[in-house]
Amino acid sequence: QVQLVESGGGLVQAGGSLNLSCAASSGTFSRYGMGWFRQAPGKEREFVAAITQSGTSTSYASSVKGRFTISRDNAKNTMYLQMNSLKPEDTAVYYCAATPRLLPLPVTTAAYDYWGQGTQVTVSS
C-alpha cells in the first residue's frame, strides 16, 4: 500500500507555469506506474499524464502534450508534473495516482489503486 500527497498547486495567470509534486510514503514507490488526473467542477476526472515504474516511458493527453512534462525521482519517492503555457481550461483539482500495472500505461481511473487528496490549480485569463 502507498499513500500519496500532492503539492504545488495554486493560482497562476494564463501563460504561466506550475510544478506539481506527488510524494509517496512507501519505499516501494518504484514498483508503481504513476499518473496524473484532473477534475474540473461538474466534469468527470480525466487523464493527464502517466509514467512507467522506471520513468523511461510516458503518455500524455492530447490536450496537454507539448505543454506538460511528467517525471519521477525514485530515490526521493516523488513524481512531478511540470506545467507550462497554462490555459484557463487547465483549471481543476489535480490528483496523482499509483498503479501496479505495466505497459501499456493505463489512462483510466479504474486502473489506478491509490490516490492522493488532490491539489487545486487555478489559471486566470
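What you are looking at is a predicted structure, and each value in this text was computed from that prediction instead of being measured.

**A look at the state of the cysteines**
In a disulfide, the sulfur atoms of two cysteines are covalently bonded to one another.
Here comes step 1: Overall, the coordinates contain one disulfide when judged by the stated rule.
Here comes step 2: Disulfide pairing places Cys 22 opposite Cys 96 at an S-S distance of 2.1 Å. Looking along the S-S bond of the Cys 22-Cys 96 disulfide, the torsion reads about 60°, which is the right-handed sense. Placement of Cys 22 in strand S3 (residues 18-24) and of Cys 96 in strand S9 (residues 92-99) is noted, with a sequence separation of 74 residues between them.

**A short note on the nonpolar core**
Here comes step 1: The biggest cluster of nonpolar side chains holds 37 residues, and the ones touching the most others in it are Met 34, Trp 36, Met 79, Leu 81, Met 83 and Tyr 94.
Here comes step 2: The residues contacting Met 79, other than those within four sequence positions of it, are Leu 20, Ser 21, Cys 22, Phe 29, Met 34, Gly 35, Trp 36, Ile 51, Ile 70, Ser 71, Arg 72 and Cys 96.

**Digging into the pairing of strand S1 (residues 4-7)**
Here comes step 1: Side chains of S1 alternate between two faces, with Leu 4 and Glu 6 buried and Val 5 and Ser 7 left unburied.
Here comes step 2: Relative to S3, S1 is paired through four bridges, and the arrangement is antiparallel. Bridging across to S3, Leu 4 finds its partner in Ala 24.

**Remarks on the packing of aromatic side chains**
Here comes step 1: Applying the stated criterion across every chain yields a total of five aromatic pairs.
Here comes step 2: With centroids separated by 5.7 Å and ring planes inclined at 75°, the aromatic side chains of Phe 37 and Phe 47 adopt a geometry described as edge-to-face. You can see Phe 37 sitting in strand S4 (residues 33-39) and its partner Phe 47 sitting in strand S5 (residues 46-51), a full ten residues away along the chain. Just as Phe 37 is buried, Phe 47 falls in that class too.
Here comes step 3: Chaining the aromatic ring pairs together yields one cluster made of Phe 37, Phe 47, Tyr 112 and Trp 115.
Here comes step 4: The ring centre of Trp 115 lies 5.0 Å from the NZ or CZ of Arg 45, which sits over that ring.

**Digging into the environment of Asn 77**
Here comes step 1: Summarising the element assignment, Asn 77 is placed in the loop between strand S7 (68-73) and strand S8 (78-83).
Here comes step 2: Residue Asn 77 is classed as buried on the basis of its relative accessible area, which comes to 18%.
Here comes step 3: On a C-alpha basis, the gap between Asn 77 and Leu 4 in space is 9.8 Å, while along the polypeptide they are 73 residues apart.
Here comes step 4: Residue contacts for Asn 77: discarding those within four places in its chain leaves Cys 22, Ala 23, Ala 24, Ser 26, Gly 27 and Phe 29.

**Some thoughts on the pattern of salt bridges**
Here comes step 1: Scanning all chains against the criterion turns up three salt bridges.
Here comes step 2: Across the pair Glu 46 and Arg 38 runs a salt bridge whose closest N-O atoms are separated by 2.6 Å.
Here comes step 3: Residue classification places Glu 46 among the partly exposed residues on the basis of a relative accessible area of 36%.
Here comes step 4: With its nearest N and O atoms 2.9 Å apart, the salt bridge here joins Arg 38 to Asp 90. Separated by 52 residues along the polypeptide, Arg 38 in strand S4 and Asp 90 in the loop between S8 and S9 bring together distant segments of the chain.
Here comes step 5: Judged by relative accessible area, which is 1%, Asp 90 ranks as buried.
Here comes step 6: A single network of salt bridges, built from pairs that share partners, joins Arg 38, Glu 46, Arg 67 and Asp 90.

Each value, and the rule that gives it
- Residues numbered from 1 in each chain as written.
- Predicted model: local features only at pLDDT ≥ 70, side-chain atom pairs only at ≥ 80, totals over all residues.
- Heavy atoms only, no water.
- Disulfide = S-S within 2.5 Å.
- Helix = DSSP H or I, 4+ residues; strand = E, 2+ residues; numbered from the N terminus.
- Core = buried A, V, L, I, M, F, W, Y, C linked by side-chain atoms within 4.5 Å.
- Buried < 20%, exposed > 50% of the residue type's maximum accessible area, 1.4 Å probe, protein only.
- Contact = heavy atoms within 4.5 Å.
- Pairing = 2+ DSSP bridges.
- Phe/Tyr/Trp six-rings, centres within 6.5 Å; stacked < 30°, edge-to-face > 60°.
- Lys NZ or Arg CZ within 6 Å of the ring centre and 35° of its normal.
- Salt bridge = Lys/Arg side-chain N within 4 Å of Asp/Glu carboxyl O.

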